[in-house]
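Summary of structural features
Here is how the chains run, residue by residue.
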Amino acid sequence: MPLPTRLSAGPSPRARGRASRRPSPRARALRSAVLVALSAGLVAAALPAPAPLGIGDRLFPHLGNPGYDVLTYDIGLTYTGRNTEPLAGVTRIQALATDDLPRINLDFTHGTVSAVTVDGAPADWASSGEDLVITPDRPVGRGEAVEIAVTHTSDPTGPADSGGWVRTGDGLAMANQADAAHRVFPSNDHPSDKAFFTFRITAPDRFTAVANGLREDRRRRADGTTTWTYRTAHPMATELAQVSIGESAVVHREGPHALPVRDVVPAADRELLEPWLRRTPGHLEWMESRVGPYPFENYGVLVADADTGFELETQTLSLFERGLFTEPGYPEWYVDSIMVHELAHQWFGDSVAPRTWSDLWLNEGHATWYEAMYAEERGGPTLERRMKAAYTASDQWRRDGGPPAAPKPPEPGEKISLFRPVVYDGSALALYALRYEIGTEAFDRLERRWVADHRDGTATTADFTALAAEVSGRDLTRFFADWLYAEKTPPMPGHPDWRSRAPKAGKPG
């Protein structure tokens, strides 16, 4: 997550199989123009007014859209060279309808739409709330493949804490968690609908553009611009999309098993940041020794000259504030452990994405767990000391933010407030209790099984608790009910003397 500072390389076989079942062309040669116009008018008359939908996520009820499964995104963006001006964009979406769709809702806001086509035919559209509501020339039937193209702008201005584009000292980067990707491009903006991505970014020659995945092409044009193309080799949630445009240096090295590691940093800071950048291969080795092979095609660190207040695990290219590495006062073990936190998310939250936002604890609790373990090994506080402190504060955290697996909604107008202490150390505390409950050996097997069984997919809290019971051979129903859903923190296994302070009333701080 925002950790507070303190087309594709190829769809999967499943996606390819679905995409191949394309219907016959929508525009039928024998249909007369009169009949087309008549039928369109009848459909329009029968439909209610455009309205925002949503898949009913408990925390973000209007996020995502029902009725289809996105297979691929192809996102083209043109940057003028000034990060206060809208980018021109064309977003192409290939999807499979899972229901009959007289209309198709996409999440999109903070941009202007100028054209929409569905399977190459012009379509009507309207904005409703933060939805772009598209009416194709005929309804899309369940089981049909459909291709949507939206010509739009993407506006990088607006409140810095609203998410989407982040304006940096030399360009732009993205921070889309939890619900801000649709401030950048039209999408089904919910982690339950992962897809393959292609990015085509055009910018003046002096800029370097980088995005998730592997670079496929870099093409200079006669007008003084360059188009950079990147594709992901694994499906990705929209909130993990990353595009960096800046006067950047891209530093290449190898990680374990010859894994490509590429870091993106302000060119002027290349040497200054190298002592931190060269640590990443060791971080990768450390994580692999605990949970198994790194799940993606490459990895790297994106250092942005921006004051975001957080770091972010965008897939294959984690976003960090420049100040984390350059401001004096941070202990070395602390910076190292924060780098490991975002790396751990590549397994927990990226490869295995949450099915709903209430499953966020699975992302942040695990990333905090491995952050704390790494910190202990590098001279930071011991895991036990950190967890005891978390236990002391845990009842307050639960009062302010809800229990780990049933977090309270974010504060109105402060969506990032979802990321409260209970989903970080409060959720790592539940993992600490689980390790005591089932034993270290079973816990380690559970961690490896979790990321292997759900790789490239989405999963729920119920999936995790069921796997924990299977791996341990124990009935953990009562344990998880108390640790994940109870209002008060249950007694800590192995530490009967630990006490949690009584929470104070008042507005959460």
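Here's a quick rundown of the structure. (Residues numbered from 1 in each chain as written. Predicted model: local features only at pLDDT ≥ 70, side-chain atom pairs only at ≥ 80, totals over all residues. Heavy atoms only, no water.)

Re helix α9 (residues 425–438)
As a reminder, the rule being used: The helix count covers DSSP runs of H or I at least four residues long, the strand count covers runs of E at least two residues long, and both are numbered beginning at the N terminus. To estimate how far a helix should reach, multiply one less than its number of residues by 1.5 Å. The buried label goes to any residue with under 20% of its type's maximum accessible area, the exposed label to any with over 50%, and the partly exposed label to all in between, with areas taken from a 1.4 Å probe on protein chains only.
Taking 1.5 Å of rise per residue, the 14 residues of α9 would be expected to cover 20 Å, and the 20 Å separating its terminal C-alpha atoms lies within 8% of that figure. With 11 of 14 residues buried, α9 lies mostly within the body of the structure.

Some remarks on the environment of G163
The cut-off we apply is this: We call two residues contacting when some pair of their heavy atoms lies within 4.5 Å.
With respect to the helices, strands and loops of the structure, G163 is situated in the loop between β9 (145–154) and β10 (164–168). In this structure the C-alpha to C-alpha distance between G163 and Q177, which are 14 residues apart in sequence, comes to 7.1 Å. Apart from the residues within four sequence positions on either side, G163 is in contact with A175, A180 and R183.

Describing the pairing of strand β15 (residues 225–231)
Formally: Strands are treated as partners if at least two bridges between them are detected by DSSP.
When you tally the buried positions in β15, you get 7 out of 7 residues, the bulk of the element. Residues of β15 alternate between two faces, with T225, T227, T229 and R231 on one and T226, W228 and Y230 on the opposite face, all of them buried. By the bridge criterion, 7 bridges tie strand β12 (residues 196–204) to β15 in an arrangement that is antiparallel. When the sheet's bridge partners are listed, T198 is paired in β15 with R231. A loop of 4 residues connects strand β14 (residues 214–220) with β15, the two strands running antiparallel in sequence, and G224 in this loop sits at a positive phi of about 85°.

Notes on the sheet that holds strand β3 (residues 87–97)
Taken in spatial order, the 8 strands of this open sheet run β6-β5-β9-β3-β2-β12-β15-β14, and their pairing is mixed. With partners counted over all chains shown, the strands left at the sheet margins are β6 (121–122) and β14, one partner each.

Brief notes about the packing of aromatic side chains
Defined as follows: Ring pairs shown here join Phe, Tyr and Trp side chains whose ring centres sit within 6.5 Å, with only the six-membered ring taken for Trp; geometry is labelled stacked below 30 degrees between planes, edge-to-face above 60, and tilted in between.
Across all of its chains, the model carries 26 aromatic pairs by this definition. Taking the centre distance of 5.7 Å and the plane angle of 90° together, the rings of W361 and F464 count as edge-to-face. With W361 in helix α7 (residues 360–377) and F464 in helix α11 (residues 461–472), the pair connects residues that are 103 residues apart, well separated along the chain. Taking relative accessible area as the criterion, W361 reaches 1% and is therefore assigned buried. The exposure class of F464 is buried, given its relative accessible area of 0%. Cluster of aromatic residues (ring-pair linked, three or more members): W361, W450, F464, F479, F480 and W483.

What about the side chain of S351?
Along the chain, the position of S351 falls in the loop between α6 (332–344) and β22 (352–354). Aside from chain neighbours lying at most four places away, what touches S351 is K194, P295, F296, Q346, H454, R455, D456 and G457.

Details of the pairing of strand β5 (residues 113–118)
Both β5 and β9 contribute to a ladder of 5 bridges, which runs antiparallel. The residue bridging V116 from the neighbouring strand is V150, located in β9.

Details of the packing of α11 against helix α12 (residues 477–485)
Short version of the rule: All axes are obtained by fitting lines to C-alpha atoms, using only the stretch in contact for helices, and the reported angles, taken between N-to-C directions, cover 0 to 180 degrees. In this scheme the handedness of a crossing depends on how the near helix is turned from the far one: anticlockwise by less than a right angle means left-handed, clockwise means right-handed. When residues are grouped by polarity, Ala, Val, Leu, Ile, Met, Phe, Trp, Tyr, Cys and Pro land in nonpolar, Asp, Glu, Lys and Arg in charged, and all others, Gly among them, in polar.
One way to put it is that α11 packs onto α12 with a least axis distance of 11 Å and a crossing angle of 140°. Of the two elements, α11 crosses α12, and the hand of that crossing is right-handed. Packed against α11, whose contacting residues are T461, F464, T465 and A468, the element α12 presents F480, L484 and Y485 at the interface. Residues of the contact of α11 with α12, tallied by class, amount to 5 nonpolar, 2 polar and no charged.

Thoughts on the sheet that holds strand β8 (residues 131–135)
With antiparallel pairing, 3 strands are arranged side by side in an open sheet as β4-β8-β7. At either end of the open sheet lies a strand with only one pairing partner, and these are β4 (104–107) and β7 (124–128). If you compare each strand with its neighbour and ignore which way they point, the axes differ by 25° on average. Relative to β8, β4 runs antiparallel, the two sharing 4 bridges. If you follow N105 over to β8, its bridge partner there is V133.

Some thoughts on unusual backbone geometry
Glycine aside, negative phi is the norm for most residues, and most peptide bonds take the trans geometry. A cis amide bond links Q177 with the next residue in sequence, A178, at an omega value of 5°. On the secondary structure map, A178 appears in the loop between β11 (171–175) and β12. The phi angle at T316 is positive, at roughly 75°, despite the residue not being glycine. Residue placement: T316 occurs in the loop between β20 (310–311) and β21 (318–321). At D456, a residue that is not glycine, the phi angle is positive and equals roughly 65°. By relative accessible area, D456 is classed as partly exposed at 26%.

Brief notes about the side chain of N363
Tracing the sequence through the fold places N363 in helix α7. Assessed through its relative accessible area of 2%, N363 is described here as buried. With residues up to four places along the chain from it excluded, the contact list for N363 reads H345, F348, G349 and P354.

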